[in-house]
Structures are given as C-alpha cells and as structure tokens.
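Descriptive structure summary
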Amino acid sequence: MGIRFDVVCFSHLRWGFVYQRPQHLLSRCARNHRVFYVEEPIEGDKPGLKIERWENDVTTIVPLLPEGLSESQQIEIQRGLLDDFFEEHKIERLVLWYYTPMAVPLGRHLRPLVTVYDCMDELSAFSGAPKALRDREGELFDSADLLFTGGASLYAAKRDRHQSVHLFPSSVDVQHFAQARQPLPDPGDQALIRHPRLGYIGVIDERFDPALLGELAASRPDWQFVMIGPVLKIDSGGLPTAPNIHWLGQKRYEDLPAYLSGWDVALMPFARNESTRFISPTKTPEYLAAGRPVVSTPITDVVEPYERLGLVRIAEDAAGFAAAAEAAMAEDASRRQRQADAFLKDRSWDRTWSEMEALIARTAARRSDNGSTVHVRLLDDANAVSAISESMPVPTNGAKGFDYLVVGAGYAGSVIARELAEQGGSRVLVVDRRNHIGGNAYDEYDEYGIQVHRYGPHIFHTNSQEVFEYLSRFTAWRPYEHRVLASVDGRLVPIPINLDTINEIYGLRLSSFEVEKFFASRAEPVEKVRTSEDVVVTKVGRELYEKFFRGYTRKQWGLDPSELDAKVTSRVPVRTNRDPRYFTDTYQAMPRDGYTRMFQRILDHPRIKLMLNTDYREIASFMPYKEVVYTGPIDEFFDHRLGQLPYRSLEFRFETIETNVAQPAPVINYPNERPYTRVTEFKYLTGQVHPKTTLVYEYPRAEGDPYYPVPRPENEVLYKRYQKLADVVDGVHFVGRLATYRYYNMDQVVAQALAVSRRLIAARRAGKEGPLEVDPTQTSARTVGRA
Ligand code: FAD
Ligand code: UDP
C-alpha cells in the first residue's frame, strides 16, 4: 500500500536466532520501510547500543547495559540511548510494533502514528514469564491501534479485548520449503542416518514432549528420529537418549529444506499444557510445503483447520504416533501434496504482510493530520490515485509544487527521478499510466506463484562498471549467464552460431580453426555492410543466414533483414569457439529479488512521489512543476503530427505446466516453423524452485504496446524531425528507449539517464539549461555535443 513509515519493533526474540514470524514479516516490511528491531538488552561494560544491519535491510539494535542496574534505571538508560538513535536516524511517521509487552515502558513516551501488537503466543503461559507481563499486556491493549494474532485460538481469546483484532495465522515461504520436494543431497550429519526417518524442526523447550518422543523411539527401534533445533529453557539432560534419536542441534533457515527432503514423516510431538494451548505452529505449513506427511498431538490450531482438511494426522500417544506415521508412509504422496498446495495458496508471508501493511496504511491515513508529509510509494493498484490525492501538496502558486514531472516509471524515469531527488535536491513527481513501476522490465508472481516478466524475458548484462555499480545500490544480484538454443532442421543447437552449432547441424567434427575456414568459404563479401542481411551473409553465407536469421527477423519485425539497419542482427555475434553464452558482457546477473523490487528501492526517496494509473496529460494542467522528463514514445508526445513512428509490438502467451522443467534451455528460438519467435522458461532466469513451471511465447505484432523502435533509415529520418520539435519545447527532456527511438538495452537506458541527470543538475546549478545529447551505445555514460 501507499504510505511510507518507519517501523521500530520491540521483541523478546533475537533476530539472528530461529527464522520465524517476526523475521518473515519484518524482512518483507523492510523492502519498503525502514525497520529497526530492538532486542532485549545484553550485558556491556558501559551503556551503549549494538547496531547491526542485516542482509534483508533490517537493522537490529541491542542495548548494552552494565550489571547491577535496577529495572527503572535499565528503562531510563535504554530510553535515552534509543531516543538519541531515533533522533539521529530521523525516524519519521513511526509505527511501533511490539512482540513483547515487557517493552511497553520503552515506547510509552513516543508519539507513534500507529501502534501494532503482533501477538504470537500467550506469553504469560510460558515458563518463567514475569508477573508484570499481564499488566503490560493490558496497557498495550489500551494503546495499540491494531492487534494481530498469530493463530485462531489466540484470536478467540483476545477478540473481545480490543476493538481492532485481526487473525493472521502462521504463513509459509512455500517456495523455500518446496525445494524439499525434490531429492536434495543429504547434509553431512544426516547422511548416515538410516530410513525411515521421522523428524522435528523447531525450538525444543517446555512445549516439546520429551517423554512422548522417548516412548515412540523405544517402541520402534527400526525408525530413526532426527531432532533439529536449539534446546532452550529446559534441561537438555532431561531429553531422551537412544541410538535411534539424533539430536542435530540448530540449523540455518536456508539449510532446512535439505534436511526435510530426506525425511519420511515430520512430527509435532508437543506437550499438552498451558504453554501449548494457544500455539499455532509455523512448522505445520512449512512441513506441508516441504511435501512431508505430518503427525501431531492434538494442538487446537493444528486440529482446526489441518486435521479437518485431512492435511495432518493427529495422535495422542506413542502408539498413536507409530500407527499414524506408518499410515502416512503408506499413503499417496502426490494426492497429499495437491491438497496441501490448494491450502497453502492463500498462506504466503507475502500476502500476510501485504494485508498487514494495508491495515497499517489505512490506520495511518486516518491519523495523518497533515497529508503533505505523506510520501506515496510502492503504489501498484488502483488506490494509487486516491492515495496520492490525499497526500498531494496543494497546488498554490507552484510554491509547494514539484521541480520535475517525470513521465514514466521505467528505467529512464526512475533513474532520473532518483538522481534529481538525491543529487539535485529536487522534488520529483513520477507518473506512469500503467498500474505498476518498472516499465517493460516489470516482474511479478503469476497465479501459481512463479516469478514472471510481464513484458517478455529481461536479462541484465552490461560492460559498464558504472551502470552495474549504480544498480547494485538498489539490488543484490544472482549470477546468471544466458543461454539460447535455436530449433533448426529439427535439432536444438546453440545460438549465437558457434563451433558446436556447425558441427551439430552438418554432422561435422571441425576444429575452431577449420570452422573459421568453413565460414570464410561461404561468406559473401559486400562493399559496405549496411543492412541486417549484410551483417550475417558477409560472415557465414546465405545458407546459415536463411536457417537462423531470415525467418526469425521477418517474423519479429515484419520486414526482411535487407530492410533493417545493420544494428539489429549485429546484436547476435558468430563464434568459432564453443562459448554457448548469449552475451559476453563483463557483468551478467539478475536482480536477486526481481526487477520490481529494485525499482521500488530506486524510487524510495522522500523527495519522490509516485502516481500510477495516470497519464501525465490528465494532471499536467493543474499539477505545479517546473520541468518535464518524458520517457514515453516521442511521436505520441507531439500527437503524431508528423506521422506515426513505427514501433514493433508483441503478444505474450503465458503457459504453466505441471512439471519441474519444461525445456532444455532458458530460451528456445524458433526461426522458422512456428508463429512465435521464442519461448522462455522463467525459472532458469530467476532461479526459483517450484514444482510447476511457466513459459512465455512471443508472437510479434504490428499493433499493440510500443516495444521495439524499428531501426531503418526512413524511420531515423522521421525521428530526427521529431527530435527537432523536441529541441524547441522548453523545459522538456526526452530520455529512454521510446523517447529517443533507440533499440536500447536496459543498461544503455540507465547510462543515458545518468548522463542526462548530470546535465540537468549541472544546468540547474549554473542557473541555465544546456543542450543535451547522449550517446550510450557503448554503454558508457558519456555526454557528447549535439551534432
Ligand atoms: P519503458 O520501460 O518502456 O518505460 C516507459 C514508461 O513510460 C512505461 O512504463 C509507460 O507506461 C510510461 N508512459 C509512456 N507514456 C506515458 C504517458 N503518456 N503518461 C504516463 N506514463 C507514460 N533489455 C535488456 O537489457 N535485456 C533484455 O533481455 C531485454 N529484453 C527485452 C525484451 C522485450 C520483449 C522488450 C520489449 C524489451 C527488452 N529489453 C531488454 C529492453 C528494455 O525493456 C528497455 O531497454 C527498457 O525497459 C527501457 O526503459 P525505458 O524507461 O526507456 O522505457
Ligand atoms: N535474430 C535472429 N535469429 C535468432 C536470434 C536473433 O534472426 O535466433 C535477429 C532478429 O532480427 C532479432 C535480432 O537478431 O530481432 C536481435 O536479437 P535479440 O535476441 O537481441 O532480440 P531482443 O532480445 O531484443 O528481442
């Protein structure tokens, strides 16, 4: 949702301990908001704060306190330290988020916009729970705006104690755990354990029933019991020991699928006492996502809904567990997994977080007395317009208006907006007529939970260190080298054409040296390479040109290669070695969390406001701004007054298949026989693990969204005429693939946007505007003089 806030969370759980509800929710929150996670104090020589920034952008704060302080001294010192920290970090629009009511005294004096109590357990039922816990929880019920409960029993218990109680049961990172559905290599300490293996993952504390495990293990010495998790608050001497019980200790969240993958049954041998009355074990959906059958004691929130839906077997004692586990091992796993998938579909942490975020945003919007301080960010739905209008500065004399109106939230618009806001100190309004940011690079999860690129496959590659480093500020990367096979003469062979391609197509065993001669003997030299046909025919001759390039190009562009500028097919080299990579750039990688996440971070700046679902023409007449950066099609800007510039379009057909892998390469090109040009399987690009797979087929079209400028001489002439018009429009800057009518890759657009931003900032500082033209064809951000 649209409103920005900073979160300060007080928790009794260490962030770096087991990865559970707070970590799942707040790491998602940190994608769009600053998150400060305050843990309980530890001992230090003198008062201070131990600050740590985690990979997922969460900052943890651990107060350090000397020994021997009274409780009130402890509170006073912590408050002072935290207040200084909040001041220094300019915490704004504070959302206070409590996991432990014991921290209430630390937040009492703060003025949060919204207070959330995310109640995970009946804490007062835990062994060693302080007396004050109940009182403080009472105080929190009075002061919190929103009470979230982690399970149905807790919800029922708290429902009448607060006016805004919401049930958010444990969710699951399905993708992560679903990795366990494939056989994974056994971790070293599990490898030698025989089957059948029955396992448990979780904290081992007073909620765990050691006697039940002991009896079960004794009754079935032929079964092996794998226990994973830290032992807490109980005496580990009281845990059963037997040759078939393996206490493996705590493991990293990343490694859990590898353990689960090697189990036959997953267990929840919980004790039935006060401490388990209200639990809603996160491991239930995790076990199910991992594809394991589950046997549990009758914990209320497991019986309903899991047992009712036939997803978990319930047993009361060791004999019951043995019988249930035996039945589970004999059942049809694929039927169980299908049922589990249907249930888990609505249980993702992403969804839970976005619902929580929406509740917070609504509460904050009601509270917000001064809309002009509300930044609108991450607006990806129709609420965008209404949300911004609530928060928009009133357009009075332009005094509170924007320095720049940026049209388009793709690479060109987003990078420029960020630079102008951050380096130029300007106030920037970004509008896009689509309902999302990212332009054509936008990615999303489809209805099956598979990450796809809505506008066709986008693979990042660049030779520009500057561009790569710039984007690295906003994303981590996943190494990825792209590979493509072409379907030619009934075979799938590497494209770009290389030594293997030739040997496979012609049934030869040429060496690199020989293939060079092979090409030379077929190549047809021309005086000057002008067209896309010349590019190929002069290198490899007509036959290979026909097999690999002519049909593809005619389909893709609706033109013969002889009618297209040389730069089109020059994008695809010919090689005499065996390098199968599509690109050879220095930097090749995919944004680890996807393109959309990267764009969210680029646009996440207090001086940037974002408005989606909005054509700039709807607002330009009343929105106060000084200059415009335009990244849409240049001919459209001028109402096509000189005629239409041709843009080639595509229709995308997405298909999801019930199989892990559908094709032998990320992309298969079909130069000849099919109506589509290529088929992409996204999981190769994103590295996602999922039991299903989604493909996209690209059907070239003359009409539709403008995707490709068409490089040919007459279009360049028309573009130049538009460019002349653009030159005389004061205060409007044209940037990007559509606005400068260039067949640019993403990195080239970034380079162009960085160069233009520098010019704009310098011109503004100098109090005047300079002429702009940028040549990023070498993907270096050079600024060149106007021709
Ligand atoms: P866009 O991403 O097109 O953004 C322009 C934005 O302006 C759009 O969101 C549009 O809605 C908005 N807009 C236009 N008019 C208006 C208006 N009147 N009011 C409001 N908003 C408006 N590049 C690579 O580097 N690697 C690849 O693998 C790759 N694959 C590609 C595959 C396909 C199928 C396509 C089409 C492109 C591919 N590209 C690839 C190129 C890449 O998409 C572009 O270089 C890049 O997205 C261009 O960014 P941009 O900001 O210039 O334009
Ligand atoms: N091309 C071709 N056969 C192929 C691959 C590419 O003829 O197997 C030509 C075609 O004209 C295509 C151009 O080379 O449009 C550029 O290919 P690229 O993969 O760079 O296209 P993009 O990813 O931009 O669609």
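Everything that follows concerns the structure shown earlier in this document.
Residues numbered from 1 in each chain as written. Chains lettered and ligands numbered in written order. Predicted model: local features only at pLDDT ≥ 70, side-chain atom pairs only at ≥ 80, totals over all residues. Heavy atoms only, no water.

Points about the site of ligand 1
Lining the immediate environment of ligand 1, one finds 32 residues, of which D432, H458, I459, Y744 and M746 sit closest. Note that an oxygen atom of ligand 1 is positioned 2.7 Å from one of the side-chain N or O atoms of D432. For ligand 1, an oxygen atom lies 2.7 Å from a polar atom in the backbone of I459. A total of 1000 Å² of accessible area belongs to ligand 1 in isolation, and the protein chains cover 96% of it. At the level of secondary structure, the elements contributing two or more residues to the shell around ligand 1 comprise α16 (411-422), α23 (616-619) and α27 (746-765). Of the residues assigned to the shell around ligand 1, the class counts are 15 nonpolar, 10 polar and 7 charged. (Near = heavy atom within 4 Å. Polar contact = N/O pair within 3.5 Å; in protein donor to acceptor, adjacent residues only side chain to side chain. Areas by Shrake-Rupley, 256 points an atom, 1.4 Å probe, with all protein chains shown as cover. Helix = DSSP H or I, 4+ residues; strand = E, 2+ residues; numbered from the N terminus. Nonpolar A, V, L, I, M, F, W, Y, C, P; charged D, E, K, R; others polar.)

Considering the sheet that holds strand β20 (residues 461-462)
Reading across from one edge, β20-β24-β21 is the order of the 3 strands in this open sheet, with antiparallel pairing throughout. The open sheet has two edge strands with one neighbour each: β20 and β21 (477-479). (Pairing = 2+ DSSP bridges.)

Examining the site of ligand 2
Neighbouring ligand 2 are 15 residues, the closest being W557, R571, Y582, Y708 and Y743. At a separation of 2.9 Å, an oxygen atom of ligand 2 approaches a polar side-chain atom of T553. Relative to its free-state accessible area of 520 Å², ligand 2 is covered by the protein chains to the extent of 94%. Take the shell around ligand 2: its biggest share by element is 6 residues, from helix α21 (residues 542-557).

Quick look at helix α4 (residues 132-143)
An ideal rise of 1.5 Å per residue puts 16 Å on 12 residues; α4 measures up with 17 Å between its terminal C-alpha atoms. Along α4, the residues classified as buried are L133, R136, E137, L140 and F141. Seen from one end, α4 has its buried residues packed into an arc of 150°, which puts them on one side. Residues of α4 that are exposed and point over 90 degrees away from its buried face: R134, D135 and D142. Lining the buried residues of α4 we find α2 (71-88), β6 (94-98), α3 (104-107), β7 (114-119), β8 (146-149) and α5 (152-158). (Expected span 1.5 Å × (residues − 1). Buried < 20%, exposed > 50% of the residue type's maximum accessible area, 1.4 Å probe, protein only. Arc of directions from axis to C-beta. Contact = heavy atoms within 4.5 Å.)

Describing the sheet that holds strand β25 (residues 608-611)
A sheet is described by the order of its strands in space; here 5 strands give the open sequence β25-β17-β16-β26-β32, paired in parallel fashion. The open sheet is flanked by β25 and β32 (732-734), the only strands paired with a single partner. Averaged over all neighbouring strand pairs, the angle between strand axes comes to 20°, with direction disregarded. When strand β26 (residues 625-630) meets β32, the two strands line up parallel, connected through 3 bridges. What sits directly across from V628, in β32, is V732. Contacts between α27 and the sheet are confined to β16 (402-407), β26 and β32, with β26 contributing the most and set at about 160° to the helix. (Axes fitted to C-alpha atoms, helices over the stretch in contact; angles between N-to-C directions.)

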